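Each chain, written out:
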Amino acid sequence: MIGIFDSGVGGMTVARAIEEVLPDMRIIYFGDLARSPYGSKSPDAIKKYAREDTEFLISKGARMIVVACNSAASVAADDLEKAFDIPFFEVITPAVRNAASASRHGRIGVIGTRATVASAVYERKIKALQNDLQVFSQACPLLVPLVEEGWLNKQETKMIIRRYLHRLKIKQVDTLVLGCTHYPLLKKLIQPRIGKRVRVIDSAISVAQELEEHIRRNRERYMSAADPDHNIYYLSDITEAARQTARKIFGREIEFQLAHGLFSN
Ligand code: DGL
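Residues numbered from 1 in each chain as written. Predicted model: local features only at pLDDT ≥ 70, side-chain atom pairs only at ≥ 80, totals over all residues. Heavy atoms only, no water.

1. As for the overall build of the protein
- Within the protein, the regular secondary structure consists of 12 helices and 10 strands.
- Rg of the C-alpha trace for the protein: 17 Å, near the compact-globule value of 18 Å for 265 residues, within the 12% margin.
- Each principal axis of the C-alpha atoms in the protein carries an extent, and together these give about 50 × 40 × 35 Å.
- Per-residue burial over the protein gives 55% buried out of 265 residues.
- Contacts in the protein between residues at least 24 apart in sequence constitute 75% of all its contacts with a sequence separation of at least 6.
- Taken as a whole, the protein presents about 12,400 Å² of accessible surface, with 48% of it coming from carbon and sulfur. (Helix = DSSP H or I, 4+ residues; strand = E, 2+ residues; numbered from the N terminus. Rg over C-alpha atoms; globule rule 2.2 N^0.38 Å. Buried < 20%, exposed > 50% of the residue type's maximum accessible area, 1.4 Å probe, protein only. Contact = heavy atoms within 4.5 Å. Areas by Shrake-Rupley, 256 points an atom, 1.4 Å probe, with all protein chains shown as cover.)

Following this line, the structure appears as C-alpha coordinates:
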(Lines give C-alpha, C1' and ligand atoms only; values in the text may rest on other atoms or scores of the structure.)
Protein backbone atom coordinates (compact mmCIF):
# COMPACT_ATOMS: atom_id res chain seq x y z
CA MET A 1 0.00 0.00 0.00
CA ILE A 2 1.36 3.41 -1.00
CA GLY A 3 1.05 6.08 1.66
CA ILE A 4 0.91 9.64 0.37
CA PHE A 5 0.90 12.72 2.55
CA ASP A 6 0.50 16.41 1.97
CA SER A 7 -0.33 19.49 3.99
CA GLY A 8 -3.87 19.37 2.60
CA VAL A 9 -5.69 18.56 -0.60
CA GLY A 10 -3.15 19.83 -3.17
CA GLY A 11 -1.21 16.56 -2.87
CA MET A 12 -4.10 14.83 -4.53
CA THR A 13 -2.58 16.01 -7.83
CA VAL A 14 0.18 13.52 -6.95
CA ALA A 15 -2.34 10.84 -5.87
CA ARG A 16 -4.17 11.23 -9.19
CA ALA A 17 -0.95 10.96 -11.19
CA ILE A 18 -0.05 7.78 -9.23
CA GLU A 19 -3.53 6.33 -9.74
CA GLU A 20 -3.08 6.84 -13.47
CA VAL A 21 0.26 5.07 -13.79
CA LEU A 22 -0.34 2.39 -11.10
CA PRO A 23 -4.06 1.61 -11.18
CA ASP A 24 -3.56 -1.72 -9.32
CA MET A 25 -1.79 -0.30 -6.31
CA ARG A 26 -3.79 0.66 -3.28
CA ILE A 27 -3.32 4.24 -2.10
CA ILE A 28 -3.82 5.66 1.34
CA TYR A 29 -3.72 9.44 1.42
CA PHE A 30 -3.38 11.81 4.33
CA GLY A 31 -3.90 15.56 3.98
CA ASP A 32 -3.10 17.58 7.09
CA LEU A 33 -5.69 20.24 6.40
CA ALA A 34 -6.03 21.16 10.09
CA ARG A 35 -2.43 22.39 10.15
CA SER A 36 -2.22 23.60 6.54
CA PRO A 37 -0.53 25.56 5.00
CA TYR A 38 2.96 24.15 5.57
CA GLY A 39 4.54 26.55 3.06
CA SER A 40 4.58 29.47 5.50
CA LYS A 41 5.72 27.43 8.56
CA SER A 42 9.23 27.08 10.01
CA PRO A 43 11.41 24.10 9.03
CA ASP A 44 11.15 22.69 12.59
CA ALA A 45 7.35 22.75 12.55
CA ILE A 46 7.24 21.18 9.07
CA LYS A 47 9.66 18.39 10.16
CA LYS A 48 7.51 17.56 13.18
CA TYR A 49 4.31 17.48 11.11
CA ALA A 50 5.97 15.34 8.41
CA ARG A 51 7.07 12.78 11.03
CA GLU A 52 3.56 12.59 12.49
CA ASP A 53 1.97 12.32 9.03
CA THR A 54 4.31 9.41 8.23
CA GLU A 55 3.54 7.65 11.52
CA PHE A 56 -0.16 7.96 10.80
CA LEU A 57 0.17 6.40 7.33
CA ILE A 58 2.36 3.56 8.65
CA SER A 59 -0.21 2.88 11.40
CA LYS A 60 -2.78 2.48 8.59
CA GLY A 61 -0.62 -0.05 6.73
CA ALA A 62 1.48 2.03 4.31
CA ARG A 63 4.63 0.19 3.17
CA MET A 64 6.19 3.07 1.31
CA ILE A 65 5.67 6.80 1.60
CA VAL A 66 5.34 9.48 -1.03
CA VAL A 67 5.97 12.98 0.31
CA ALA A 68 3.63 14.84 -2.04
CA CYS A 69 4.10 18.22 -0.40
CA ASN A 70 7.03 20.18 -1.85
CA SER A 71 7.38 22.21 1.34
CA ALA A 72 7.67 19.03 3.45
CA ALA A 73 9.97 17.35 0.92
CA SER A 74 12.26 20.37 0.84
CA VAL A 75 12.93 20.51 4.58
CA ALA A 76 12.01 17.08 5.99
CA ALA A 77 12.90 14.38 3.42
CA ASP A 78 16.36 13.55 4.86
CA ASP A 79 15.02 13.58 8.39
CA LEU A 80 12.23 11.12 7.44
CA GLU A 81 14.58 8.72 5.69
CA LYS A 82 16.74 8.59 8.80
CA ALA A 83 13.80 8.16 11.18
CA PHE A 84 11.84 5.42 9.34
CA ASP A 85 12.88 2.15 7.81
CA ILE A 86 10.64 2.14 4.72
CA PRO A 87 11.15 3.48 1.17
CA PHE A 88 10.45 7.18 0.72
CA PHE A 89 9.71 9.00 -2.51
CA GLU A 90 9.43 12.73 -2.74
CA VAL A 91 8.39 15.14 -5.44
CA ILE A 92 11.62 17.13 -5.76
CA THR A 93 14.31 14.67 -6.94
CA PRO A 94 12.40 13.29 -9.97
CA ALA A 95 11.31 16.79 -11.02
CA VAL A 96 14.94 17.93 -10.81
CA ARG A 97 16.01 15.05 -13.06
CA ASN A 98 13.27 15.80 -15.59
CA ALA A 99 14.09 19.52 -15.56
CA ALA A 100 17.81 18.91 -16.11
CA SER A 101 17.16 16.67 -19.09
CA ALA A 102 14.48 18.97 -20.56
CA SER A 103 16.57 22.15 -20.35
CA ARG A 104 18.10 23.15 -23.68
CA HIS A 105 20.05 26.24 -22.63
CA GLY A 106 20.68 25.39 -18.98
CA ARG A 107 18.37 28.04 -17.49
CA ILE A 108 15.84 26.54 -15.09
CA GLY A 109 13.14 28.43 -13.21
CA VAL A 110 11.50 27.05 -10.06
CA ILE A 111 8.32 28.30 -8.44
CA GLY A 112 7.12 27.18 -5.01
CA THR A 113 6.01 28.24 -1.54
CA ARG A 114 8.17 30.43 0.70
CA ALA A 115 9.40 27.37 2.65
CA THR A 116 10.44 25.54 -0.53
CA VAL A 117 12.21 28.53 -2.07
CA ALA A 118 13.92 29.47 1.22
CA SER A 119 15.27 25.92 1.57
CA ALA A 120 17.10 26.33 -1.80
CA VAL A 121 16.68 22.57 -2.23
CA TYR A 122 16.01 22.76 -5.97
CA GLU A 123 19.19 24.80 -6.57
CA ARG A 124 21.22 22.32 -4.50
CA LYS A 125 19.86 19.24 -6.23
CA ILE A 126 20.02 20.69 -9.75
CA LYS A 127 23.63 21.85 -9.23
CA ALA A 128 24.57 18.48 -7.72
CA LEU A 129 23.26 16.80 -10.86
CA GLN A 130 24.81 19.22 -13.33
CA ASN A 131 26.91 22.06 -12.05
CA ASP A 132 26.66 24.30 -15.12
CA LEU A 133 22.86 24.63 -14.92
CA GLN A 134 21.57 27.98 -13.71
CA VAL A 135 18.58 28.07 -11.37
CA PHE A 136 16.25 31.01 -10.72
CA SER A 137 13.65 30.59 -7.98
CA GLN A 138 10.54 32.54 -7.20
CA ALA A 139 8.24 32.15 -4.19
CA CYS A 140 4.58 32.51 -5.17
CA PRO A 141 2.72 32.60 -1.83
CA LEU A 142 -0.56 33.89 -3.28
CA LEU A 143 -1.09 30.97 -5.65
CA VAL A 144 -2.07 28.33 -3.07
CA PRO A 145 -4.98 30.39 -1.64
CA LEU A 146 -6.13 31.28 -5.16
CA VAL A 147 -6.31 27.59 -6.10
CA GLU A 148 -8.07 26.78 -2.84
CA GLU A 149 -10.62 29.49 -3.60
CA GLY A 150 -11.20 27.86 -6.98
CA TRP A 151 -9.95 30.96 -8.84
CA LEU A 152 -8.43 28.86 -11.58
CA ASN A 153 -9.38 31.05 -14.50
CA LYS A 154 -9.85 34.54 -13.10
CA GLN A 155 -8.26 37.72 -14.45
CA GLU A 156 -6.79 38.44 -11.02
CA THR A 157 -5.09 35.03 -10.96
CA LYS A 158 -3.65 35.61 -14.44
CA MET A 159 -2.36 39.02 -13.34
CA ILE A 160 -0.67 37.63 -10.22
CA ILE A 161 0.92 34.79 -12.20
CA ARG A 162 2.25 37.28 -14.76
CA ARG A 163 3.74 39.36 -11.95
CA TYR A 164 5.40 36.33 -10.29
CA LEU A 165 6.80 35.03 -13.57
CA HIS A 166 8.12 38.41 -14.73
CA ARG A 167 11.61 37.98 -13.23
CA LEU A 168 11.92 34.43 -14.55
CA LYS A 169 10.95 35.64 -18.02
CA ILE A 170 13.62 38.33 -17.88
CA LYS A 171 16.13 35.63 -16.91
CA GLN A 172 15.00 33.76 -20.05
CA VAL A 173 14.42 30.42 -18.36
CA ASP A 174 13.87 27.60 -20.85
CA THR A 175 12.39 25.19 -18.29
CA LEU A 176 10.04 25.88 -15.38
CA VAL A 177 9.47 23.50 -12.45
CA LEU A 178 6.05 23.65 -10.80
CA GLY A 179 7.45 23.11 -7.30
CA CYS A 180 4.18 23.01 -5.39
CA THR A 181 1.26 20.59 -5.22
CA HIS A 182 -1.26 23.23 -6.27
CA TYR A 183 0.44 24.58 -9.37
CA PRO A 184 -0.49 21.78 -11.81
CA LEU A 185 -4.04 23.14 -11.50
CA LEU A 186 -2.76 26.46 -12.87
CA LYS A 187 -0.65 24.97 -15.65
CA LYS A 188 -2.98 26.26 -18.37
CA LEU A 189 -2.49 29.81 -17.08
CA ILE A 190 1.22 29.45 -16.36
CA GLN A 191 2.30 28.04 -19.75
CA PRO A 192 1.19 30.98 -21.92
CA ARG A 193 2.55 33.49 -19.41
CA ILE A 194 6.02 31.98 -19.15
CA GLY A 195 6.09 31.39 -22.91
CA LYS A 196 4.93 28.46 -24.98
CA ARG A 197 8.47 27.29 -25.76
CA VAL A 198 9.36 26.91 -22.07
CA ARG A 199 9.17 23.30 -20.86
CA VAL A 200 6.91 23.15 -17.81
CA ILE A 201 7.77 20.29 -15.41
CA ASP A 202 4.97 18.94 -13.26
CA SER A 203 6.46 17.39 -10.10
CA ALA A 204 3.32 15.25 -9.55
CA ILE A 205 3.84 13.47 -12.88
CA SER A 206 7.60 13.18 -12.30
CA VAL A 207 7.24 11.37 -8.94
CA ALA A 208 4.48 9.09 -10.30
CA GLN A 209 6.81 7.97 -13.12
CA GLU A 210 9.64 7.30 -10.67
CA LEU A 211 7.36 5.29 -8.40
CA GLU A 212 6.08 3.25 -11.33
CA GLU A 213 9.64 2.36 -12.33
CA HIS A 214 10.54 1.37 -8.77
CA ILE A 215 7.47 -0.86 -8.43
CA ARG A 216 8.04 -2.46 -11.82
CA ARG A 217 11.64 -3.27 -10.86
CA ASN A 218 10.56 -4.70 -7.47
CA ARG A 219 7.34 -6.37 -8.57
CA GLU A 220 7.70 -9.42 -6.29
CA ARG A 221 8.19 -7.32 -3.19
CA TYR A 222 5.07 -5.29 -3.83
CA MET A 223 2.84 -7.98 -5.30
CA SER A 224 0.97 -8.45 -2.02
CA ALA A 225 0.45 -4.70 -1.81
CA ALA A 226 -1.81 -4.75 -4.87
CA ASP A 227 -5.39 -4.66 -3.75
CA PRO A 228 -8.61 -4.06 -5.63
CA ASP A 229 -10.11 -2.21 -2.65
CA HIS A 230 -10.88 1.45 -2.93
CA ASN A 231 -8.21 3.96 -2.09
CA ILE A 232 -8.65 5.73 1.22
CA TYR A 233 -8.42 9.49 1.66
CA TYR A 234 -7.92 10.85 5.17
CA LEU A 235 -7.91 14.52 6.15
CA SER A 236 -7.23 16.00 9.60
CA ASP A 237 -10.11 18.42 8.93
CA ILE A 238 -12.84 18.05 6.35
CA THR A 239 -14.24 21.17 4.71
CA GLU A 240 -16.52 21.90 1.77
CA ALA A 241 -13.65 23.75 0.05
CA ALA A 242 -11.53 20.59 0.32
CA ARG A 243 -14.31 18.55 -1.30
CA GLN A 244 -14.52 21.04 -4.14
CA THR A 245 -10.75 21.06 -4.76
CA ALA A 246 -10.78 17.24 -4.73
CA ARG A 247 -13.58 17.25 -7.30
CA LYS A 248 -11.51 19.54 -9.55
CA ILE A 249 -8.44 17.35 -9.24
CA PHE A 250 -10.08 13.95 -9.72
CA GLY A 251 -13.16 14.90 -11.69
CA ARG A 252 -15.14 12.75 -9.25
CA GLU A 253 -16.41 12.82 -5.68
CA ILE A 254 -13.92 11.77 -2.98
CA GLU A 255 -15.30 10.39 0.24
CA PHE A 256 -12.97 11.70 2.94
CA GLN A 257 -12.40 10.00 6.29
CA LEU A 258 -11.56 12.12 9.30
CA ALA A 259 -8.19 11.37 10.91
CA HIS A 260 -8.68 12.57 14.44
CA GLY A 261 -6.95 12.70 17.76
CA LEU A 262 -3.55 11.79 16.37
CA PHE A 263 -1.88 15.12 15.97
CA SER A 264 -0.51 17.69 18.35
CA ASN A 265 0.07 21.31 17.38
N1 DGL B 1 1.53 21.34 -0.30
C2 DGL B 1 2.28 22.58 -0.28
C3 DGL B 1 3.50 22.45 -1.21
O4 DGL B 1 3.51 21.67 -2.14
C5 DGL B 1 1.43 23.76 -0.67
C6 DGL B 1 0.39 24.12 0.37
C7 DGL B 1 0.99 24.50 1.69
O8 DGL B 1 1.70 25.53 1.78
O9 DGL B 1 0.75 23.77 2.64
O10 DGL B 1 4.46 23.15 -1.01
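Next comes the rest of the description.
2. As for the site of the ligand
- The environment of the ligand is formed by 13 residues, the closest being Asp6, Ser7, Tyr38, Gly39 and Ser71.
- Between an oxygen atom of the ligand and a main-chain N or O atom of Asn70, the distance comes to 3.0 Å.
- Contact with the protein chains hides 99% of the accessible area of the ligand, taken as 290 Å² for the molecule alone.
- Considered class by class, the residues forming the shell around the ligand number 5 nonpolar, 7 polar and 1 charged. (Near = heavy atom within 4 Å. Polar contact = N/O pair within 3.5 Å; in protein donor to acceptor, adjacent residues only side chain to side chain. Nonpolar A, V, L, I, M, F, W, Y, C, P; charged D, E, K, R; others polar.)

3. A few points about the environment of Glu123
- On the secondary structure map, Glu123 appears in helix 6 (residues 121-129).
- With 67 residues separating them along the chain, Glu123 and Ile190 place their C-alpha atoms 21 Å apart.
- Sequence-distant contacts of Glu123, that is, excluding residues within four places in its chain, are made with Val135 and Ser137.
- Reaching out from Glu123, the side chain makes a polar contact with the side chain of Ser137 at a distance of 2.9 Å.

4. Quick word on the nonpolar core
- Within the largest apolar cluster, 73 residues are counted, with the highest numbers of intra-cluster contacts made by Ile2 and Ile18.
- Those residues in contact with Ile2, other than ones at most four positions away along the chain, are Ile18, Leu22, Met25, Arg26, Ile27, Ile28, Met64, Val66, Leu211 and Ile215.
- Counting 23 residues, the second largest nonpolar core, distinct from the first, contains Ile111, Ile161, Leu186 and Ile190. (Core = buried A, V, L, I, M, F, W, Y, C linked by side-chain atoms within 4.5 Å.)

5. A few points about the sheet that holds strand 8 (residues 199-202)
- Here 4 strands make up an open sheet; going across it, the order is 6-5-7-8 and the pairing parallel. Sheet topology places strand 6 (134-139) and strand 8 at the edges, where each strand pairs with a single neighbour. Mean inter-strand twist for the sheet, computed between neighbouring axes without regard to direction, equals 20 degrees.
- Relative to strand 7 (residues 175-179), strand 5 (residues 107-112) runs parallel, the two being bridged by 5 bridges. Paired with Ile108 across the strands is Thr175, a residue of strand 7.
- Where helix 8 (residues 155-170) meets the sheet, its contacts fall on strand 5, strand 6 and strand 7, and the angle it forms with strand 6 comes to roughly 165 degrees. (Pairing = 2+ DSSP bridges. Axes fitted to C-alpha atoms, helices over the stretch in contact; angles between N-to-C directions.)

6. Describing the side chain of Glu19
- Its location among the elements puts Glu19 in helix 1 (residues 12-21).
- When its relative accessible area of 19% is taken as the criterion, Glu19 is described as buried.
- Within the structure, the side chain of Glu19 is placed 3.2 Å from the side chain of Asn231, a separation counted as a polar contact.
- Excluding residues within four positions of it along the chain, Glu19 makes contact with Ile27, Asn231, Tyr233, Phe250 and Arg252.

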